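Listed below, chain by chain, are the residues.
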Amino acid sequence: MNLHEFDELSDDVRFNQAAWNRMVACGHALARPARDEEFQDPLKVIDASGWLPGGIAGWNVLCLAAGGGRHGPLYAAAGASVTVVDISSAMLELDRQVANERKLALRTFEASMENLHMLASSEFDMVIHPVSTCYLPRVDQVFREVARVTRPSGLYVSQHKQPANLQASLETHTGNYIVQHAYYDHTPVPPALAPNILREPNTREFVHGWNDLLGGICRAGFVIEDVSEPNHGRADAAPGSFGHRCHFIAPYLRIKARRTGESAKSRLIHL
Ligand SMILES: C[S@@+](CC[C@H](N)C(=O)[O-])C[C@H]1O[C@@H](n2cnc3c(N)ncnc32)[C@H](O)[C@@H]1O
């Protein structure tokens, strides 16, 4: 479903929407569908942290800001009933193409993640949310909307760029990285000077502190059960490379949170 006329988008959202549509057009790595071999054991691919031991067959799952032919199709292949929300029509088109090719059912909505009015309250057993909070200047309304659409005791699994990752320089001339953007600066971080895996080209990205991310998720009505930091660091990597930068500064935080309250269904599902 496309954007409704009454879905007013901010300048930042429109800017990033255009950037992601361009990334699809030029075949950016984050706009590539899941590979054939990943569909052989989709749960293993989507649950690297082992947070879903009982599987997700029959679950109603929202893949939020997760277009691109990867998350939605993999969750559907693992047996979930999937809805994908994304601001990029091109990313959603990749989802629909993959779903068609693999005969998977998917529902797609073009919308910004802080306004999920098209989704019913308590509709989902789980919301998964890949890295994308960095594209909005404020995240409190996003977490409130996620809480609204997640059923009591449902799961919210999200991944975020860590504040230091967005604050620090990408380049190094000395083997060290410098903090070049203040923690409390709410303007977009400086753009990358050259293509870099840690920044998406021509997007506006914003630092969110722990108060906004961890506190925001708790205040919206979740309890955080676990966190993990995917480790991409390599001590022996060349200074300035992705592996070297990630050895100095953890790039991402993955959060497993559970909606407060309890429903009859939650007592039956073994998470
Ligand atoms: C890192 S990608 C996530 C999915 C990607 N396929 C992957 O493999 O990681 C981030 C996604 O966030 C989406 N996005 C950016 N701003 C958004 C917003 N305000 N509302 C919804 N989606 C947004 C982008 O269009 C993009 O598809």
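Below or above, wherever it landed, is the structure these notes cover. Computed from a predicted model, the values in this text were never measured in an experiment. (Residues numbered from 1 in each chain as written. Predicted model: local features only at pLDDT ≥ 70, side-chain atom pairs only at ≥ 80, totals over all residues. Heavy atoms only, no water.)

### A few points about the site of the ligand
Near the ligand lie 18 residues; those nearest to it are Gly67, Asp86, Met91, Ser112 and Met113. Between the ligand and glycine 67 there is a distance of 2.9 Å, counted from a nitrogen atom to a backbone nitrogen or oxygen. Take methionine 113: an N or O atom from its main chain is 2.9 Å from a nitrogen atom of the ligand. (Near = heavy atom within 4 Å. Polar contact = N/O pair within 3.5 Å; in protein donor to acceptor, adjacent residues only side chain to side chain.)

### Some thoughts on helix α4 (residues 89-101)
With 13 residues, α4 extends 18 Å from end C-alpha to end C-alpha; this agrees with the ideal 18 Å at 1.5 Å per step. Buried-residue contacts for α4 involve α1 (11-25), α3 (71-77), β2 (81-86) and β3 (106-110). Backbone geometry just after α4 places lysine 103 at a positive phi near 55°. (Helix = DSSP H or I, 4+ residues; strand = E, 2+ residues; numbered from the N terminus. Expected span 1.5 Å × (residues − 1). Contact = heavy atoms within 4.5 Å.)

### As for the pairing of β2
Here β2 lies mainly inside the structure; five of its six residues are buried. As paired elements, strand β1 (residues 60-64) and β2 share five bridges and run parallel to each other. Residue pairing across strands places leucine 64 opposite valine 85, the latter belonging to β2. Crossover connection from β1 via α3 to parallel β2: handedness right-handed. Inspection of the sheet shows β2 paired to β3 by five bridges, in the parallel sense. (Buried < 20%, exposed > 50% of the residue type's maximum accessible area, 1.4 Å probe, protein only. Pairing = 2+ DSSP bridges. Right-handed = clockwise from strand over helix to strand, strands pointing away.)

### Points about the nonpolar core
Counting 30 residues, the largest nonpolar core has Leu62 and Leu119 as its most contacted members. Elements that contribute at least two residues to this core include exactly β1, β4 (124-129), α5 (140-149), α7 (210-221) and β7 (252-259). Looking at this core element by element, the count peaks at five residues for α5. In contact with leucine 62, other than residues within four places in its own chain, are Thr83, Val85, Leu116, Leu119, Phe124, Met126, Val127, Ile128 and Val149. Judged by nonpolar contacts, the second largest core, of 23 residues, contains Phe39, Cys63, Tyr75 and Leu155. (Core = buried A, V, L, I, M, F, W, Y, C linked by side-chain atoms within 4.5 Å.)

### Notes on the packing of aromatic side chains
The final tally for this structure, using the stated rule, is five aromatic pairs. Here tyrosine 177 and phenylalanine 248 contribute two aromatic rings whose centre-to-centre distance is 5.4 Å and whose plane-to-plane angle is 70°, an arrangement assigned as edge-to-face. Residue tyrosine 177 is located in the loop between α6 (163-167) and α7, and its partner phenylalanine 248 is located in helix α8 (residues 242-248); the two are separated by 71 residues in the primary sequence. A relative accessible area of 13% places tyrosine 177 in the buried class. Here a set of aromatic residues connected by ring pairs shows up, and it is made of Phe143, Tyr156 and Phe222. The ring of phenylalanine 15 has arginine 204 lying over it, and the distance from NZ or CZ to the ring centre is 4.0 Å. Across from the ring centre of phenylalanine 222, 5.9 Å away, lies the NZ or CZ of arginine 259, which sits over that ring. (Phe/Tyr/Trp six-rings, centres within 6.5 Å; stacked < 30°, edge-to-face > 60°. Lys NZ or Arg CZ within 6 Å of the ring centre and 35° of its normal.)

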